[in-house]
Amino acid sequence: MRPAPNAVVQYYDTHPINEEQILGALAQRGLDLAHITEEHLKEHDQDHFGGLEANDILIAKAGIQPHHRVLDVCSGMGGPARYLAHRIGCRVVGLDLTESRLRSAERLTAMAKLTPLVSFKLGNALDMPFEDESFDVVIAQEAWCHIPRKENLIAQCTRVLKPGGTMVFTDILRTDRISRPELDRLGQEMTFSDLGSLTRYPSLLLESGNDIVMVEDLGALWAEILVERLAMYRSLKASTARKFGEERHREWDRYYSFFVGMYTEGKLGGGRFVARKR
């Protein structure tokens, strides 16, 4: 069963990593929130697997240059978008469905004084509010697991890419070991929808007019990373319970524990995909 879009929005509206939590972590370091820079923010706002190192790999694989215009699909609170703009000097547009995350992204970006380079647009990745061939690079990190109709998603990403442009993304993937009831539970609890695979994404990319540059299996690496992330989320118990209530913390712990177990049992995987539009 596919989760409705509003279920995905609610999932991120009550996420343990949020603007209040990030600002609290900065304040605990004794930093003046009126003078926050990207160098401060980047240590706390990277809500994806692998953190800053994953961003650096993405930049290298995509060959992102200062003159490029980059689209971050499902940009969340904008951590990777700010990092790219700060490190490379490129322009980045973030697209996200969840208004609370997008408004947080705008505020954090303004704090880091990166608004001239980074902007955000509220919208659906299956119906992107952008002109054809308007971006040099399209990126995403572990977000497309929430999006149904992967063929439409890849077609939209391809549409907004310039000819010769590059698409680089990582995503949570299914393996042939996972059962239908387990997929249904992930759909209900983690709002995962229509999970891709190491073979399905390349097929969709080719069908949409892209050439495959690279496919990398990240399943074993992510199994290790996710055990650490579960411990990190548990360390946020006080802030999560304070903001969203004890029950939400208990739910999150139960849901994420099951999710991590799917990795340690080899039932979920991960992949990095690099493609170039013909």
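One can find the structure itself at the top, above this paragraph.
Residues numbered from 1 in each chain as written. Predicted model: local features only at pLDDT ≥ 70, side-chain atom pairs only at ≥ 80, totals over all residues. Heavy atoms only, no water.

Undergrad: Please set out a nonpolar patch on the surface residue by residue, giving values where relevant.
TA: A cluster of nonpolar side chains, namely Leu-198, Leu-206, Ile-212 and Val-215, defines an oily patch on the protein surface of about 270 Å² accessible area. Looking at the secondary structure, you find Leu-198 in the loop between α8 (180-189) and α9 (200-207). (Patch = residues over 30% accessible without salt bridge, like charges linked within 9 Å, V, L, I, M, F, W, Y side chains within 5 Å. Areas by Shrake-Rupley, 256 points an atom, 1.4 Å probe, with all protein chains shown as cover. Salt bridge = Lys/Arg side-chain N within 4 Å of Asp/Glu carboxyl O. Helix = DSSP H or I, 4+ residues; strand = E, 2+ residues; numbered from the N terminus.)

Undergrad: Please set out empty space enclosed by the protein residue by residue, giving values where relevant.
TA: Inspection of the entire model under this criterion finds one cavity of 30 Å³ or more. Of the pockets and cavities examined, the largest cavity occupies roughly 50 Å³. In this structure, the largest cavity is lined by Phe-49, Ala-54, Leu-58, Ala-140, Gln-141, Glu-142, Val-168, Phe-169, Thr-170, Leu-218, Trp-222 and Arg-272. Sort the elements by how many residues they give to the lining of the largest cavity and strand β5 (residues 161-174) lands first, with three residues. In the lining of the largest cavity, the residues fall into eight nonpolar, two polar and two charged. (1 Å grid on protein atoms, 1.4 Å probe; cavity = no way out; pocket = protein on both sides within 12 Å on 5 of 7 lines; lining within 4 Å. Points joined across faces, edges and corners; volume = space filled by probe spheres on them. Nonpolar A, V, L, I, M, F, W, Y, C, P; charged D, E, K, R; others polar.)

Undergrad: For the side chain of Lys-277, give the residues involved together with the corresponding values.
TA: Within the fold, Lys-277 resides in strand β7 (residues 268-277). Of the side chains with opposite charge, Glu-133 lies nearest to the buried Lys-277, which makes no salt bridge, at 4.2 Å. Among residues more than four places away in sequence, those in contact with Lys-277 are Glu-133, Thr-158, Arg-159, Leu-161, Lys-162, Pro-163, Gly-164, Gly-165, Gly-209 and Asn-210. (Buried < 20%, exposed > 50% of the residue type's maximum accessible area, 1.4 Å probe, protein only. Lys, Arg positive; Asp, Glu negative; His and termini not counted. Contact = heavy atoms within 4.5 Å.)

Undergrad: Could you give an account of the packing of aromatic side chains, naming the residues involved and the relevant values?
TA: Applying the stated criterion across every chain yields a total of 15 aromatic pairs. Considering the side-chain rings of Phe-192 and Phe-259, the 5.5 Å spacing of their centres and the 75° angle between planes classify their relative orientation as edge-to-face. Taken together, the residues Phe-192 in the loop between α8 and α9 and Phe-259 in helix α12 (residues 246-264) connect sequence positions 67 residues apart. Here Phe-192 matches Phe-259 in class, with each residue buried. Taken together, the ring pairs in this structure connect Tyr-11, Tyr-12, Phe-192, Tyr-233, Trp-252, Tyr-256, Phe-259 and Tyr-263 into an aromatic cluster. Taking NZ or CZ as reference, Arg-185 lies 3.8 Å from the ring centre of Phe-258, over its face. (Phe/Tyr/Trp six-rings, centres within 6.5 Å; stacked < 30°, edge-to-face > 60°. Lys NZ or Arg CZ within 6 Å of the ring centre and 35° of its normal.)

Undergrad: Go over the pattern of salt bridges with me, naming the residues and quoting the values.
TA: Scanning all chains against the criterion turns up 24 salt bridges. Arg-180 is the partner of Asp-184 in a salt bridge, and the nearest nitrogen-oxygen pair spans 3.2 Å. In this pair, Asp-184 and Arg-180 both sit in helix α8, four residues apart, roughly one turn of the helix. Residue Asp-184 is classed as partly exposed on the basis of its relative accessible area of 32%. The salt bridge involving Arg-234 is made with Asp-253; its shortest N-O contact spans 2.5 Å.

Undergrad: Give a description of the pairing of β7 that names residues and reports values.
TA: In regular strands, side chains alternate between the two faces of the sheet. Within β7, nine of the 10 residues are buried, which leaves it mostly tucked inside the rest of the structure. Note that β5 and β7 share nine bridges and pair antiparallel. Within β7, the residue paired with Asp-171 across the bridge is Gly-271. Bridge analysis of strand β6 (residues 210-217) against β7 gives seven bridges, and the strand direction is antiparallel. Looking at β7, one finds that Val-215 is bridged to Phe-273. (Pairing = 2+ DSSP bridges.)

Undergrad: How would you sum up the layout of surface pockets? Please name residues and give values.
TA: In this approach a probe as big as a water molecule rolls over the atoms, and the regions it shows empty are the leftover space. Taken as a whole, the largest pocket spans an internal volume of roughly 750 Å³. Residue assignment for the lining of the largest pocket shows that the elements contributing at least two residues are α1 (5-13), β1 (69-73), α5 (79-88), β2 (91-96), β4 (135-141), α10 (219-235) and α12. In terms of residue count, the dominant contributor to the lining of the largest pocket is α1 (four residues). Broken down by class, the residue content of the lining of the largest pocket amounts to 28 nonpolar, 11 polar and eight charged.

Undergrad: Account for the pairing of β2, with residues named and values stated.
TA: With five of six residues buried, β2 is to be regarded as a mostly interior element. Bridge analysis of β1 against β2 gives five bridges, and the strand direction is parallel. From the neighbouring strand, Val-70 faces β2, where its bridge partner is Val-92. For the segment spanning β1, α5 and β2, crossover handedness is right-handed. The pairing of β2 with strand β3 (residues 118-122) spans five bridges and is classified as parallel. By the bridge assignment, Asp-96 is partnered in β3 with Leu-122. Since β2 and β3 lie parallel, the crossover through helix α6 (residues 99-111) that links them has a hand, and here it is right-handed. (Right-handed = clockwise from strand over helix to strand, strands pointing away.)

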